[in-house]
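# Per-entry structural report
So you can see what is in the structure, the chains are spelled out below.
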Amino acid sequence: MKNILLSLAVCIVFSGCGRSDDRLMMVVGTYTDTGSEGLYSCSLDLRTGEIELLDSCRAVNPSYLVFSEDGSMIYAVNELESGDAGVCALRFDRRDGSFRAINGGATQGAAPCYISTNGKIAVTANYVGGSMSVLPLGVDGALEPLSQLFEGSAGGPDAERQESPHVHCAVFSPDGRHLYASDFSADRILVFDVSEDGCSVTSACSADVQADYGPRHIVFDASGRHAYVIGELSGLITVFDVSEEGALAVRQVVDADPYDGRGSSDIHLSPDGRYLYASNRLKGDGISIFSVDGESGELTVAGYCFTGAHPRHFNITPDGRWLLCACRDTDEVEVYAVSPEDGSLRATGRGIGLKRPVCVQFAR
């Protein structure tokens, strides 16, 4: 348990349940190889974008975090390339920002880098392990031992970065009926059916993307009719139509990385669904901005905003006014104001300095 708790990385999580009209609770995690404590709770002023540090919790390398639906639990991957790789469950107090460890579990896959939950199971994408792990959740929210493990594949043309299987994310559809995982090294998206009780998944089908794509993160619009997949290697975004059965059909492919950095990372829609944002690293670090056609889901380029170094992950506050970006290599979570007129981003100069931030996530 000690090793698992010492394995959290950086993620900013906003607790919608822990907010007032003008304050929003946040939890920030960090890679801990340069002296960070691990987890930090903060309060974001929704009027000004200013961040106040509240509390901290010692942990090591959770590169992705997610809240339970009611905001009272945090589930965090332990991104280690050893047998200690796993998941942590922590109780979070939304009144004062304090943490209490509950338990942990092994993913049986190295370097888990993404986690999602439907309240019945927690699902991790294991990058080095090249697999997807399913861990049941108890009635108290605690993790139970791994129940399912699915393997990814290799076969992409990049001999260095696609040489072995890598699974990079696993996301539930908005209606909860399906689960989608990015099979990075095989240039495809794996589709799973979720059981009626939500406690298990079954492999259903897959959808190919272009060779040398390196699919990384996946996001759905609120209706669930369209899915957007960012390619880490290609810098492309593929817009998919989603059928009632969960199958994916390509509608559009657009370029999100004008600098060809082969390091595209995160992707999010604005809360009103009018704009889509995608982050790029390694060259021209920043965020591409697209307008979204409300009917077809297709994208039109709307702008670009440079950020600090290595914007691995970001997210937008529920009111749509602020975008917070975790810039790993400049040791800061940056705050950007979002224009309601055109979706453009304006650097505010506000933020919080923390060692090695790498993920931003909302509590539902």
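A brief look at the structure comes next.

Quick look at the nonpolar core now. Among the nonpolar cores identified, the biggest contains 45 residues, and Met132, Leu179 and Val201 are the most heavily contacted of them. Discounting residues that sit within four places of it in the chain, Met132 has contacts with Val123, Thr124, Asn126, Gln148, Leu149, Phe150, Ala170, Leu179, Ala181, Phe192 and Val201.

So, about the pairing of strand S12 (residues 148-151). Along S12, the buried face is formed by Gln148 and Phe150; none of Leu149 and Glu151, which line the opposite face, is buried. Across four bridges, the pairing between strand S11 (residues 131-136) and S12 is antiparallel. Counterpart to Ser133 in the pairing with S12 is Leu149.

To continue, consider the sheet that holds strand S28 (residues 345-353). A sheet is described by the order of its strands in space; here four strands give the open sequence S25-S26-S27-S28, paired in antiparallel fashion. Both edges of this open sheet fall to strand S25 (311-316) and S28, since each of them pairs with a single strand only. Strand-to-strand, the axes of this sheet are offset by a mean angle of 25°, without reference to chain direction. Where strand S27 (residues 332-338) lies against S28, six bridges are found, and the strand directions are antiparallel. Across the sheet, residue Glu334 finds its bridge partner in S28, namely Gly351.

Attention now moves to the sheet that holds strand S9 (residues 112-117). Reading across the sheet, the four strands line up as S9-S10-S11-S12 and stay open at both edges, with antiparallel pairing between neighbours. Each end of this open sheet is capped by a strand with a single partner; those strands are S9 and S12. Along the sheet, successive strands turn relative to each other by an average axial angle of 20°, direction set aside. Pairing of strand S10 (residues 121-126) with S11, which is carried by six bridges, proceeds in the antiparallel orientation.

By the element assignment, Val360 lies in strand S29 (residues 360-363). Through-space distance from the C-alpha of Val360 to that of Gly29 is 8.8 Å; in sequence the pair is 331 residues apart.

Here we come to the environment of Asn280. Within the element layout of this structure, Asn280 appears in strand S22 (residues 275-280). Placed 48 residues apart in sequence, Asn280 and Glu232 show a C-alpha to C-alpha distance of 8.4 Å. Residues contacting Asn280, with those up to four places away along its chain left out, are Ala256, Asp257, Pro258, Gly263, Ser264, Asp285, Gly286, Ser288, Tyr304 and Pro311. One polar contact links Asn280 to Tyr304, side chain to side chain, over a distance of 3.4 Å.

Another point: the pattern of salt bridges. Counted according to the given criterion, the structure contains 21 salt bridges. Between Arg328 and Asp329 there is a salt bridge; the shortest N-O distance is 2.7 Å. Using a relative accessible area of 17% as the deciding quantity, one classes Arg328 as buried. A relative accessible area of 39% means that Asp329 is categorised as partly exposed. Through salt bridges with shared partners, a single ionic network connects Asp22, Arg23, Asp45, Arg47 and Glu52.

Definitions and limits used
- Residues numbered from 1 in each chain as written.
- Predicted model: local features only at pLDDT ≥ 70, side-chain atom pairs only at ≥ 80, totals over all residues.
- Heavy atoms only, no water.
- Core = buried A, V, L, I, M, F, W, Y, C linked by side-chain atoms within 4.5 Å.
- Buried < 20%, exposed > 50% of the residue type's maximum accessible area, 1.4 Å probe, protein only.
- Contact = heavy atoms within 4.5 Å.
- Helix = DSSP H or I, 4+ residues; strand = E, 2+ residues; numbered from the N terminus.
- Pairing = 2+ DSSP bridges.
- Axes fitted to C-alpha atoms, helices over the stretch in contact; angles between N-to-C directions.
- Polar contact = N/O pair within 3.5 Å; in protein donor to acceptor, adjacent residues only side chain to side chain.
- Salt bridge = Lys/Arg side-chain N within 4 Å of Asp/Glu carboxyl O.

These values are about where atoms sit, not about what they do.
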